[in-house]
Every structure is written in C-alpha cells, then in structure tokens.
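Take a look at the letters that make up each chain.
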Amino acid sequence: MKKAILGKKIGMTQIFDAAGKVVPVTVIEAGPCFVVQKKTVENDGYNAIQLGFGSIKADKIAKPLKGHFDKAETGALRVLREFRFEDCDSFSVGDSIQADTFAVGDIVDVSGTSKGKGYAGPIKRFNQHRLKETHGTGPVHRQAGSMGACSSPSRIYKGKGLAGHMGAEKVTVQNLEVVSVDVENRLIAVRGAIPGPKGGLVSIVNSVKKA
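This write-up is about the structure you can find in this document. (Residues numbered from 1 in each chain as written. Predicted model: local features only at pLDDT ≥ 70, side-chain atom pairs only at ≥ 80, totals over all residues. Heavy atoms only, no water.)

Helix and strand counts for the chain stand at three helices and 12 strands. Relative to its length of 211 residues, the chain is extended, with a C-alpha radius of gyration of 23 Å against a globular reference of 17 Å. In terms of principal-axis extent, the alpha carbons of the chain reach across some 70 × 50 × 35 Å. Within the chain, residue pairs in contact and separated by at least 24 positions form 70% of the contacts whose partners lie at least 6 positions apart. A total accessible area of about 13100 Å² is found for the chain, and carbon and sulfur atoms account for 50% of it. One finds the centroid of the 31 positive side-chain charges in the chain at a distance of 14 Å from the centroid of its 20 negative side-chain charges. (Helix = DSSP H or I, 4+ residues; strand = E, 2+ residues; numbered from the N terminus. Rg over C-alpha atoms; globule rule 2.2 N^0.38 Å. Contact = heavy atoms within 4.5 Å. Areas by Shrake-Rupley, 256 points an atom, 1.4 Å probe, with all protein chains shown as cover. Lys, Arg positive; Asp, Glu negative; His and termini not counted. Charge placed at Lys NZ, Arg CZ, Asp CG, Glu CD.)

So, about the sheet that holds strand 7 (residues 107-113). One closed barrel accounts for six strands, arranged 1-2-11-10-7-12; its pairing is antiparallel. Taking the axes of each pair of neighbouring strands and ignoring which way they run, one obtains an average angle of 50° across the sheet. Here strand 10 (residues 170-182) runs beside strand 11 (residues 187-191); their pairing, made up of four bridges, is antiparallel. Considered in strand 11, the bridge of Ser180 is made with Ala189. (Pairing = 2+ DSSP bridges. Axes fitted to C-alpha atoms, helices over the stretch in contact; angles between N-to-C directions.)

Here we come to the environment of Glu133. As for its placement among the helices and strands, Glu133 is situated in the loop between helix 3 (122-126) and strand 9 (164-166). Given a relative accessible area of 47%, Glu133 falls into the partly exposed group. Engagement of the side chain of Glu133 in a polar contact is seen with the side chain of Arg130, the distance being 2.9 Å. (Buried < 20%, exposed > 50% of the residue type's maximum accessible area, 1.4 Å probe, protein only. Polar contact = N/O pair within 3.5 Å; in protein donor to acceptor, adjacent residues only side chain to side chain.)

The next thing to look at is the nonpolar core. Grouped together as the largest cluster of nonpolar side chains are 28 residues, with contacts concentrated most on Val108, Ile188, Val190 and Ile204. Discounting chain neighbours no more than four positions away, the residues touching Ile204 are Lys3, Ala4, Ile5, Ile28, Phe102, Val108, Asp109, Val110 and Ile188. Counting residues in hydrophobic clusters, the runner-up holds six residues, among them Phe69, Ala72, Ala76 and Leu77. (Core = buried A, V, L, I, M, F, W, Y, C linked by side-chain atoms within 4.5 Å.)

The strand order across the open sheet formed by four strands is 5-4-3-6, and the pairing between neighbours is antiparallel. The open sheet is flanked by strand 5 (77-83) and strand 6 (96-97), the only strands paired with a single partner. Where strand 4 (residues 48-55) meets strand 5, six bridges bridge the pair, whose relative direction is antiparallel. When the bridges of strand 5 are listed, Leu51 appears paired with Arg81. Of the strands in this sheet, strand 3 (33-39), strand 4 and strand 5 are in contact with helix 2 (residues 63-72), which crosses strand 3 at around 100°.

Any link to function would need more than the numbers given here.
What follows is the structure, encoded as structure tokens:
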C-alpha cells in the first residue's frame, strides 16, 4: 500500500542507535494532513487523493479556494498536493493523516525544493574545470572557452552546461530509512540529509525502488 504525508523540514541532528553508534538524521514535522478532495476515474479520469497541509488565515486565500475548503470542512490550508494511492476508496474527505502512517524501519523517498544559489558559473554549477592561468588566458580563467567554432559544429549543442540559475528546483532523495516516529509531537526522523532549507516543504512517500 502506498503511503504519503507532507511535512516541514526542521533540521539535522544525531541520535544513537541500539548499538551505541551515532546516526545522522533529519527531523521533519509531518502532518497532520487532511483529505480535501477525492479524484475518481468517473469524474477526473484517474484516482487520487488531494491532501492539504499547514493552516493559514481564511482571508489570505481566494474565494474559490475558500469554497473548496469549506466543502471539505477542513479549514483553510496552506499547501495542496495530490497523491495516487492504491486504495483511494479507503479515504474519505475530511480524514486526517498523522505521522504514524510511517513506522520505524520504513524506506521512504523524500522530495523538496533545493536551496537557491542564484546565478552561478559553470564551475560551481556543473563542476567544470577552469582554464590555465598563464600564457595569455587573461582574466577569464573561470569563464567558458571556445564554443561552437565557425567550421564544426558551427553551433552550441543543446544541454551544454553554461552559467545560469542554480538550485531552487525539485530534488528527490531516495531510499532513506525512518529512524524515529514521534506521534505526539508529529515528528519523523529519517537517516541522512534531505533537500531544502529549514522550514521548507517536503513530501514523504514509500520508496519506489528500495535499495
């Protein structure tokens, strides 16, 4: 059965396992998430569950969205995301999903938006090497060299690594182990690092390809 929950990245810390070894973990404030809408094959062409996470003032959202939440009787929520569960029929509009949807030992994939690095050159962005710093290179040793010479190929190939905006894109880290689940405080700790800054939105789902 596919499981999923939305959460907020709290930060990294470390805990000790039963053998006394240090385990680096990322703590996530997971849920509660509320079922706002059920998509069905008859109405939408596919089965899915729309989950909402994070409260927000009702006057901060548009009227159509307010009506959407009023219909589900969930209150105004900050984030909406869809998940295609295998057993969508087992959910009802208004149901809540808590941190205990996952258990210690589960293998999960965590997705989030990576930290934005702004405009970056090809060395930082794609780990390219720089030009030599002697014999006429000039003050451009961190810039790209000759590209698309006049004879061949007479153009720049699509996908060439050049300077541009770096980060601020969706990143998924796969096969992370759930180390701890604190239902009372709505916390899930997973082994290792996950994308995004502290306070960033993340989604936790079952691993699609276990290690």
